[in-house]
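As a plain string of letters, each chain reads:
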Amino acid sequence: MRKPVILAVDDDPQVLRAVRRDLRGAYADRYRILGASSAGEALKVLDTLDERGHDPALFLVDQRMPDMTGVDFLLEAVSRFPDARRVLLTAYAETDAAITAINKVRLDYYLMKPWDPPAERLFPVLDDLLSDWLAAYRPAYQGIRVAGHVVSARTHAVRDFLTRNGQPFRFLNVATDPEGQRLLAQHATATTDLPLVAFPDGTVLPAPGIAELAAQIGLSTTASRPHYDTVIIGAGPAGLAAGVYAASEGLSTLLLDADSPGGQAGTSSLIENYLGFPAGLSGGDLARRAVSQASRFGAELLHPVEAVGLRRAGPARIIALADGSEISAETVLLSTGVSYNRLDVPGADRFEGEGLYYGAATTESSSCISHHVFIVGGANSAGQAAIHFARYAARVTVLVRAGSLEAGMSQYLVDEIHRTPNIEVRRSTRVLALDGDRHLERITLINDRTGTETEEAARFVFTFIGARPRTGWLDGVVECDGRGFVLTGPDLLRAGKPPASWPLERDPLLLETSVPGVFAAGDVRAQSIKRVASGVGEGAMAVALMHRYRAASGGGWPDQGR
């Protein structure tokens, strides 16, 4: 397979030599390093790459060039190769140029010259960007193929699982794709056994379940030891942050997730207000980076593995898993997050996964091309989804029960929605019913202000209507509020006293639940702020509180073989 290309562009011969030298030393084993001494020359290189079918992974471009600025060159380059990462080189603190580049070409990073030493100032930046590019790269090779119907709950589940776990695959529509039809002919199966998933090693799975898929792609679902210093249940932003901090501080750490790392945030198409990422990043990229970081410090991650029970056994906390096995820990963090509320209207159950989707479901982006997409909800996740699907759909309609978007959405998203010509916002509007034959075809709406009902054609509806905590399995174990969110710290106190079941003389720590040594962080915790950054902060804080708990209880048990 041909190496992807890194293209450096700088009109200063000495700088160009230096950057090519540094790039070759670090990346020549995996990438083809090319250089151009002007924007004009670089455009000719792009022509050649396009003609020969080569894939540029990254452009490293000087801003100040005589024939064309770096921003203008990148504008031309990304029109041809929109997935390549973009880095601007500048000799001065040209903030205006960087902001212009971020807005015009979604600049990924800008670097000041000189970048010595490159091991500290250049390579870490490029490593991150190239890692992001590789995660989304779909090279021309025979990888996983998924043959099924475009609108199908089973096919959607498979595609969504592979996408969220960073597994490249090619979708083959069996109704129109000759390759998909050939695959079905080679492996005769009933329509009810779709999708058919073919792997590079020759394995073919008809309508596989998530556990079967996980085993085939090599996901780890078995713990390496019976006892850990801490077990973190839920690998969303709070859980992943806790995993990074716990493992980096020497605690034996296990993360469990019933689905895929990233949680609800992992489905976000673009998070633009997370600190340190001025051009934004997807929830999937954030989750992937966090998983790599936690793994580098020694944390284990098991998924899809579902926790179904939690109990105390002396100083240990025992987690029961869906497969019947158990794992013990000195401390436990509950970071299971929330799920979007289900639409309680006629047709909702029938069309789930077949036109109605909960969350962004970005795997359906290509299926939405030229269609009318409905987004239900008025919070940030709905705004992010609307902007994302507007790139594919002919029209996007946002249905908001409130009288304005500003009531529940960050202003930057409100502004971008108003700037996007194919997004329409309908306020004071909700869904009454879904209807269709084999898949969703129609949606009935009502305007609560006027009382007017309308029926419209609809193939794709994505909902983001509130959230419910994933705490059903904890009923009777830890105290929750009336909506099922886990109570912690001061929220457990009544008249200044902890609940009657609390066995210690001290009060619960800030993020500690009604069970000593069991903590909660992120969206699942009562009174938490439902933001990615606050979830990350709570995950980090929980680890500090675990250390306090361990210190007070003797720091663990040497006889557990840790």
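Definitions and limits used
Residues numbered from 1 in each chain as written. Predicted model: local features only at pLDDT ≥ 70, side-chain atom pairs only at ≥ 80, totals over all residues. Heavy atoms only, no water. Axes fitted to C-alpha atoms, helices over the stretch in contact; angles between N-to-C directions. Helix = DSSP H or I, 4+ residues; strand = E, 2+ residues; numbered from the N terminus. Parallel < 35°, antiparallel > 145°, perpendicular 65-115°, else oblique. Left-handed = near helix turned anticlockwise from the far one by under 90°. Contact = heavy atoms within 4.5 Å. Nonpolar A, V, L, I, M, F, W, Y, C, P; charged D, E, K, R; others polar. Polar contact = N/O pair within 3.5 Å; in protein donor to acceptor, adjacent residues only side chain to side chain. Salt bridge = Lys/Arg side-chain N within 4 Å of Asp/Glu carboxyl O. Buried < 20%, exposed > 50% of the residue type's maximum accessible area, 1.4 Å probe, protein only. Arc of directions from axis to C-beta. Pairing = 2+ DSSP bridges. Core = buried A, V, L, I, M, F, W, Y, C linked by side-chain atoms within 4.5 Å.

Here's the deal with the packing of helix α10 (residues 237-248) against helix α11 (residues 283-296)
At a minimum axis distance of 9 Å, the contact between α10 and α11 shows a crossing angle of 20 degrees. The pairing of α10 with α11 is recorded here as roughly parallel in orientation. Read as a crossing pair, α10 and α11 show a hand that is left-handed. Contact with α10, carried on its side by L240, G243, V244 and A247, involves A287, A290, V291, Q293 and A294 of α11 and no other residues of that element. When its residues are assigned to classes, the contact of α10 with α11 shows seven nonpolar, two polar and no charged.

Overview of the environment of E424
With respect to the helices and strands, the residue E424 is situated in strand β20 (residues 423-427). Between the C-alpha atom of E424 and that of A185, which follows or precedes it by 239 residues, the distance is 44 Å. With residues near it in sequence (within four places) discarded, E424 still touches R395, V396, T397 and V398. Within the local environment of E424, its side chain forms a polar contact with the side chain of T397, the two groups lying 3.1 Å apart.

What about the pattern of salt bridges?
As enumerated under the stated definition, the model contains 26 salt bridges in all. The salt bridge partner of E456 is R426, with a shortest N-O separation of 2.5 Å. On the criterion of sequence distance, the pair formed by E456 in strand β23 (residues 453-457) and R426 in strand β20 is long-range, its members being 30 residues apart. A single burial state applies to E456 and to R426, both of which are buried. When the shortest N-O distance is used, the salt bridge between R442 and E441 registers 3.3 Å. Within this structure, D128, D132, D285, R288 and R289 form a network of salt bridges that share partners.

A closer look at helix α14 (residues 411-419)
Of the positions making up α14, those classed as buried are L413, V414, E416 and I417. Angularly, the buried residues of α14 cover 165 degrees about the axis, an arc narrow enough to put them on a single face. Looking at the packing, one finds that the buried side of α14 touches α13 (380-389) and β20.

Here's the deal with the sheet that holds strand β5 (residues 109-112)
One open sheet holds the five strands; their spatial order is β2-β1-β3-β4-β5, and the pairing between them is parallel. One side of each edge strand has no neighbouring strand; the edge strands of this open sheet are β2 (32-36) and β5. Here the strands of the sheet are splayed against their neighbours by 20 degrees on average, with no regard to which way each runs. By the bridge criterion, five bridges tie strand β1 (residues 5-9) to β2 in an arrangement that is parallel. When the sheet's bridge partners are listed, I6 is paired in β2 with I33. Taken strand by strand, helix α1 (residues 13-27) contacts β1, β2 and β3 (56-62), and its axis lies near 175 degrees from that of β2. Packing against the sheet, helix α2 (residues 39-52) makes contact with β1, β2 and β3, and its axis sits at approximately 165 degrees to β1.

Comments concerning the sheet that holds strand β8 (residues 196-198)
If you walk across this open sheet you meet the four strands as β7-β6-β8-β9, and the pairing is mixed. Of all strands in the sheet, those bounded by a partner on one side alone are β7 (169-173) and β9 (204-206). Going across the sheet, the axis of each strand differs from the next one's by a mean of 15 degrees, ignoring polarity. Across the sheet, helix α7 (residues 153-164) lies against β6 (144-148), β7 and β8, angled at about 160 degrees from β6, the strand it touches most.

Description of the nonpolar core
Membership of the largest hydrophobic core comes to 28 residues, with the highest contact counts inside it found for V373, I375, V396, V398 and F462. When residues of this core are traced back to their parent elements, those giving at least two are β18 (372-376), α13, β19 (395-400), α14, β20 and β24 (460-463). Looking at this core element by element, the count peaks at five residues for α13. V398 has contacts with I375, G377, A386, L405, I423, E424, V425 and R426, leaving out every residue within four places of it along the chain.

Quick look at the packing of α10 against helix α15 (residues 532-552)
Two numbers describe a pair of packed helices, the interaxial angle and the distance between the axes. In contact at an axis separation of 7 Å, α10 and α15 are set at 35 degrees when each is read in the N-to-C sense. The chirality of how α10 crosses α15 is right-handed. Of α15, the residues touching α10 (which contributes P237, A238, A241, A242, Y245 and A246) are V532, G535, V536, G539, A540 and V543.

Overview of the environment of S339
Tracing the sequence through the fold places S339 in strand β16 (residues 338-340). On a C-alpha basis, the gap between S339 and D12 in space is 54 Å, while along the polypeptide they are 327 residues apart. Non-local contacts of S339, meaning those with residues more than four positions away in its chain, are made with Q264, G466, A467, R468 and R470.

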